[in-house]
Amino acid sequence: MRLTKLEHAALVIEDSGNKLFIDPGKFTTPITESAGAVAVVITHQHDDHWTPEQLGRIVEANPEVRIFGPAGVATAASGFPIETIAAGDEVTVGPFRLRFFGGRHALIHSSIPIVDNLGVLVNDRLYYAGDSFTVPEGVDVEVLAAPAGAPWMKIAESMDYVMAVTPRRAFPTHEMVLSQAGKALSNARLGWATEQGGGEYVPLEPGDTLDF
């Protein structure tokens, strides 16, 4: 499989010509090359993780694409055929086996409602928790998408999360809210945390790929 990091929280995973998109939101350059998409996973309803425009472009190019999200996404994206999933669910689409974990977004502030959020494990190898620190219990994570910066986290929390998961490789996500200096700081801290479990940190930039 090949992972390509897009801007912010968006990823695309390719296997044998099939594509899985995760969280194509407003901080991601418009996705115009999506041919071969068999599935889209939207971890939660916030617009930095999905927009009608991004989703519409993928659907237009791939009318049979299946779209998965928690109940909050199904409500927010009611104009699209969202398949509602919950923690513990498992779905296979093309070459992709998807398992879902968690249930709730991390706390931003007591004044801001907490929304549904699900982490996704792809083929028992790649894990992305969306906007949460949910650890997939009992899973040996090969590749972890580690949050680098967000209103709902501080870097110490992400470091502890990486050390709890102990992935063999980790890379940064959710970083468009950071300056270049902030990204460098986060990469250094997350790199250290990954190494504590014997893993390798890969500081992917948008457009970079990782084979696994």
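Residues numbered from 1 in each chain as written. Predicted model: local features only at pLDDT ≥ 70, side-chain atom pairs only at ≥ 80, totals over all residues. Heavy atoms only, no water.

Within an unreviewed UniProt entry, the label attached to the chain reads MBL fold metallo-hydrolase, and the organism entered is Agromyces bauzanensis.

## Concerning the sheet that holds strand β8 (residues 96–104)
Counted only if it meets this: The pairing criterion is simple: DSSP has to find at least two bridges between the two strands. Numbering goes from the N terminus for both helices and strands, where a helix is a DSSP run of H or I of at least four residues and a strand is a run of E of at least two. Contact criterion: two residues are considered in contact whenever any of their non-hydrogen atoms come within 4.5 Å of each other. Between N-to-C directions, angles span 0 to 180 degrees; the directions come from axes that are lines fitted to C-alpha atoms, helices contributing only their stretch in contact.
Read from one edge to the other, the open sheet built from 7 strands follows the order β7-β8-β9-β10-β11-β12-β13, with strand pairing classed as mixed. Each end of this open sheet is capped by a strand with a single partner; those strands are β7 (90–93) and β13 (200–201). Here strand β12 (residues 169–173) runs beside β13; their pairing, made up of 2 bridges, is parallel. Paired with Arg169 across the two strands is Glu200, which belongs to β13. On the sheet, helix α3 (residues 155–165) packs against β10 (126–128) and β11 (143–147) and is oriented at approximately 165° with respect to β11.

## Things to note about the side chain of Asn62
As a reminder, the rule being used: Polar contact is the term for a pair of N or O atoms within 3.5 Å; when the atoms are in protein, one must be able to donate a hydrogen and the other to accept it, and sequence-neighboring residues count only if both atoms are side-chain atoms.
Relative to the elements of secondary structure, Asn62 occurs in the loop between α1 (52–61) and β5 (66–69). In terms of polar contacts, Asn62 uses its side chain to reach the backbone carbonyl oxygen of Ser34, at 2.9 Å.

## Some thoughts on the packing of aromatic side chains
One pair of aromatic rings is described through two measures. These are the centre distance and the angle between the planes. Put simply, the test is: Ring pairs are drawn from Phe, Tyr and Trp, using the six-membered ring of Trp, whenever the two centres fall within 6.5 Å, and their geometry is named by plane angle: stacked under 30 degrees, edge-to-face over 60, tilted for the rest.
In the structure shown here, the tally under the stated rule is 4 aromatic pairs. What links up through ring pairs into an aromatic cluster is the set Phe133, Trp152 and Tyr161.

## Here's the deal with the sheet that holds strand β6 (residues 82–84)
Here 7 strands make up an open sheet; going across it, the order is β6-β5-β4-β3-β2-β1-β14 and the pairing mixed. Only two strands of the sheet have a single partner each, and these edge strands are β6 and β14 (209–211). Between one strand and the next, the sheet's axes are offset by a mean angle of 20°, whatever the strand orientation. Where strand β2 (residues 11–15) meets strand β3 (residues 18–22), 5 bridges bridge the pair, whose relative direction is antiparallel.

## What about the pattern of salt bridges?
To be explicit about the condition: Salt bridge, as used here: a side-chain nitrogen of Lys or Arg that lies within 4 Å of a carboxyl oxygen of Asp or Glu.
On inspection of all chains with the given rule, the structure shows 11 salt bridges. Here Arg2 and Asp211 are joined by a salt bridge, their closest N and O atoms 2.7 Å apart. Placement of the pair is Arg2 in strand β1 (residues 2–5) and Asp211 in strand β14, with a sequence separation of 209 residues. A salt bridge links Asp124 to Arg99; the shortest N-O distance between them is 2.8 Å. Pair noted here: Asp124 is in the loop between β9 (116–122) and β10 and Arg99 is in strand β8, with a separation of 25 residues, a long-range link.

## Thoughts on the nonpolar core
Cut-off, in case you're wondering: Residues belong to a common nonpolar core when they are buried Ala, Val, Leu, Ile, Met, Phe, Trp, Tyr or Cys residues joined through side-chain atoms within 4.5 Å. Relative accessible area decides the class of each residue, using a 1.4 Å probe on protein chains only: under 20% of the type maximum gives buried, over 50% gives exposed, and in between gives partly exposed.
One finds Ile13, Leu20, Ile22, Phe68, Leu98 and Phe100 to be the most contacted residues of the largest nonpolar core, which totals 29 residues. Elements with a contribution of two residues or more to this core: β2, β3, β4 (37–41), β7, β8, β9, β10 and β11. Among residues more than four places away in sequence, those in contact with Phe100 are Val41, Phe68, Ile85, Ala86, Ala87, Gly88, Asp89, Val91, Leu118, Gly119 and Val120. Formed by 17 residues, the second largest nonpolar core is a distinct cluster that contains Val139, Met159, Val165 and Leu190.

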